[in-house]
Amino acid sequence: MKNNENKLSHDTKGELSGVLVVVEHVGAEVSPSSLQLTGKGRELADQINKKLMTVLIGENEESLNKMTADLISHGADIVYISQHKELAEYTTLPYVRVVADLIKDIKPEIVLFSASTSGRDMAPRIAARIQTGLTADCTNLVIDDFDDPISKNKYQKVLFQIRPAFGGDVMATIVSPDHYPQMATVRRNVFEVPPEDKSRKGEIIKFESNITGPDLCLSIEEIIRQTKKTVDLKKARIIVSGGRGLYKQSEKGFKLIKELADLLGGEVGASRGAVDSGWIDHGHQVGQTGQTVKPEVYIACGISGAVQHIAGMSGAKMIIAINKDSNASIFRYADYGLTEDVFEVLPKMIEYLKKEKNIEN
Amino acid sequence: MIVLVKQVPDPSKKVGMTEQGTVDRTKSLPIMNPFDAFALEAALSIKDKYGGKITVLSMGPPKADEVLREAITLGADEGVLLSDRKMAASDTLATAFTLSKAIEKIGDFSFIFCGMQAIDGDTAQVGPQIAERLNIPQVTFVEEINFNEDMTATFKRVIEGGHEIVKSNLPITECPMLITITNTAKKPRLPKITGKFKAKKAKIPVWGVKDIEPDENQHDKFGMSGSPTRVKKIERPNSGKEPCRVMEDGNVEEKIESLMEHSKINSLSTD
């Protein structure tokens, strides 16, 4: 990339400003994922002894002011505000213009986005405009030194971007040591919302971007947020989940899972494999692209245990795995296991519970 | 129309690890990235109604021509494969650069379709990065496309907890764009016998770096040298837990019984 004028070398790293968090919001509420990123961003900024900056984009002055205060009390040193009538709702090109212009201007060392549908829409485009690296859907971020085994260069305090890879069987650590800013989108709920400190002081900087005609070639006609479809698995005490292992008779498999969940007073979950195969609605999906759950008991039926799935359910107090394949990764996370055919176990488990509860068949 | 497809390892097969701790890709049988099948279907539906030509484009090893033939079986008109050792170890930025160079060579298009993400990398980055490189608008995570009388288009885009309707303000003939398609979109069709015959006969050109970028000074933008990101390490995570207690004694009924007794889930459910 030596021809690239935007490239910042490691030697000039000292001149870079700190960590920038691109904030998402609905109305006047900063989204929880952005507050979580503000917390993590604060930590990273302290580790590199630089400032935590956030950028707020929107239309309504009152909402922007309210959120500015929220960001400062959650750890931001500087809040950049871009206010424009064309920025009321997220649309790709205007938002990309605003964030890319700001990055070129303030030259941050690290830029963090939420791995949401808008974060994952704008971040790659911004990375391509700035010509820097981007790691998607990180589940952890760590500052550490990196000794490059190939070039023998030593890099101090680079961002280790950690994410599930290859369908979630493994975790990969990604670095981008020669390009700045180091950018990542981060999965929601992997970091905590930091405690609020209303006495914190911060700087507010308003800036303007030149949003041009071609940026406005698409517009939002309507936004519809459904309330029902997604099953709220977060509050469930017991979750019985099905995965790709049910492929032989998926319909019957999920019927059995529902029956077992009902008997236990629990909810039905699913792995991405099952959802992608169309066996069950996405609203039931547990894992990286689904819900993060913390039930008392999680019963995984025919789930292999990809890291993305584990990321969504490893907070369960107890994990029970039912899987014919005794080598399945799920058994590394489970407390109890049955290495038997799900289609044999589930009916017998249901029968056992009915007997215990004196329910007639 | 151009449809981007990727050959990925079959997720229902276990990923093997080599002794060096990297993923052993030689063991898994490849398939067409499932999201790309939905992208192809979106293009085919438009072709059914309005006509047009569909070119499928893939970057990968020589055997990735299999997915291009699969796309032709389903109704695509032609395929182009980008395959060159200089393209190996590309991250998303270098991949997007390579694909956009090939798209420029293919020429005019009204739409580029891709799957919302590939199931091996899960990044969802290459599409938007191509759109940026080609300086065209993008609509990501699209479930449905409709055309209005004035030939503007509306897109139903999946967002958190719902969807939004995005409208193009110009007729699509005046505004080429890149669309990424979700797996909640219209289900991919089944292949036809005639398609299989056509795919078997199809000649699929293989383009290398020299074919899409004659300027050798630009060749460091391909492959590893064009990739800002590096994989530092890959590891199987250690759960750090006590080993799982697998019920081993007796028949299935007895195993279930001891599972129930050990885990005490029955008492929990009746609290």
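Remember, it's a predicted structure, so these values are computed and weren't measured experimentally.

Chemist: So what's going on with the confidence of the model for chain A? Residues and values would help.
Modeler: The predicted model of chain A averages 90 in pLDDT, with 94% of residues at 70 or higher. Every residue in residues 1–6 of chain A scores below 50 in pLDDT, and together they form 16 contacts with partners more than four places removed in sequence or on other chains.

Chemist: Let's hear about the pairing of strand β9 (residues 154–165) of chain A: which residues, and what values?
Modeler: All names here are of chain A. Most of β9 sits inside the fold, with nine of its 12 residues counted as buried. Strand direction decides the pairing type here: strand β8 (residues 140–147) and β9, joined by seven bridges, are antiparallel. In the sheet register, Asn-140 faces β9, and the bridge partner there is Ile-162. As consecutive antiparallel partners, β8 and β9 are separated by six residues, and within that stretch Lys-152 has a phi angle of approximately 65 degrees, a positive value.

Chemist: Give me the packing of aromatic side chains: which residues, what numbers.
Modeler: Residues and elements named next belong to chain B. Under the definition given, this model contains seven aromatic pairs over all chains. The rings of Tyr-50, Phe-111, Phe-113 and Phe-147 are connected pair by pair, giving a single aromatic cluster. Above the ring of Trp-207, the side-chain terminus of Lys-105 is found at 4.6 Å from the ring centroid.

Chemist: Can you lay out the packing of helix α4 (residues 119–130) of chain A against helix α4 (residues 126–134) of chain B for me, pointing to particular residues and giving the numbers?
Modeler: Two elements in contact, α4(A) and α4(B), have axes whose closest approach is 8 Å; the angle formed by their N-to-C orientations is 45 degrees. Between α4(A) and α4(B), the interaxial angle falls into the category oblique. For the crossing formed where α4(A) meets α4(B), the hand is right-handed. Where α4(A) approaches α4(B), its residues A:Arg120, A:Asp121, A:Pro124, A:Arg125, A:Ala127, A:Ala128 and A:Arg129 are matched on the opposing element by B:Pro128, B:Gln129, B:Ala131 and B:Glu132. Within the contact of α4(A) with α4(B), the residues separate by chemical class into five nonpolar, one polar and five charged.

Chemist: Go over the environment of A:Glu340 with me, naming the residues and quoting the values.
Modeler: Within the element layout of this structure, A:Glu340 appears in the loop between β18 (336–338) and α8 (342–356). Distance from A:Glu340 to A:Lys324, taken between C-alpha atoms, is 4.5 Å for residues 16 residues apart in sequence. Beyond its immediate chain neighbours, meaning those up to four positions away, A:Glu340 contacts A:Ile322, A:Asn323, A:Lys324, A:Val345, B:Val252 and B:Lys255. A polar atom in the side chain of A:Glu340 sits 2.3 Å from the side chain of B:Lys255.

Chemist: Describe the sheet that holds strand β15 (residues 245–246) of chain B, and please don't skip the residues or the numbers.
Modeler: Spatial strand order, β15(A)-β14(A)-β16(A)-β17(A)-β18(A)-β15(B): six strands in an open sheet with parallel pairing. Each edge of the open sheet carries a strand with a single partner, namely β15 (267–270) of chain A together with β15 of chain B. Alignment of strand β14 (residues 238–242) of chain A against strand β16 (residues 297–301) of chain A, held across five bridges, turns out to be parallel. Each residue of the ladder has a partner; that of A:Ser241, found in β16(A), is A:Ala300. Packed on one face of the sheet, helix α5 (residues 250–264) of chain A meets β14, β15 and β16 of chain A and runs near 175 degrees to β14(A).

Chemist: Hey, could you go over the sheet that holds strand β11 (residues 162–168) of chain B for me, with residue numbers and the actual values?
Modeler: Adjacent strands of a sheet form backbone hydrogen bonds with each other and so pair up, either parallel or antiparallel. Here we have 10 strands laid out as an open sheet, ordered β13(A)-β11(B)-β10(B)-β9(B)-β12(B)-β8(B)-β1(B)-β6(B)-β7(B)-β13(B), and mixed in their pairing. One side of each edge strand has no neighbouring strand; the edge strands of this open sheet are β13 (218–225) of chain A together with β13 (206–207) of chain B. Where strand β10 (residues 153–159) of chain B meets β11(B), six bridges bridge the pair, whose relative direction is antiparallel. Bridged to B:Val158 within β11(B) is B:His163. Lying over the sheet, helix α3 (residues 92–106) of chain B contacts β1 (2–4), β6 (55–59), β7 (78–82), β8 (111–115) and β13 of chain B, oriented at roughly 150 degrees with respect to β6(B). The strands touched by α4(B) within the sheet are β1, β8, β9 (138–147) and β12 (177–181) of chain B, with β12(B) carrying the most contacts at an inclination of about 180 degrees.

Thresholds applied
Residues numbered from 1 in each chain as written. Chains lettered and ligands numbered in written order. Predicted model: local features only at pLDDT ≥ 70, side-chain atom pairs only at ≥ 80, totals over all residues. Heavy atoms only, no water. pLDDT = per-residue confidence, 0-100. Contact = heavy atoms within 4.5 Å. Buried < 20%, exposed > 50% of the residue type's maximum accessible area, 1.4 Å probe, protein only. Helix = DSSP H or I, 4+ residues; strand = E, 2+ residues; numbered from the N terminus. Pairing = 2+ DSSP bridges. Phe/Tyr/Trp six-rings, centres within 6.5 Å; stacked < 30°, edge-to-face > 60°. Lys NZ or Arg CZ within 6 Å of the ring centre and 35° of its normal. Axes fitted to C-alpha atoms, helices over the stretch in contact; angles between N-to-C directions. Parallel < 35°, antiparallel > 145°, perpendicular 65-115°, else oblique. Left-handed = near helix turned anticlockwise from the far one by under 90°. Nonpolar A, V, L, I, M, F, W, Y, C, P; charged D, E, K, R; others polar. Polar contact = N/O pair within 3.5 Å; in protein donor to acceptor, adjacent residues only side chain to side chain.

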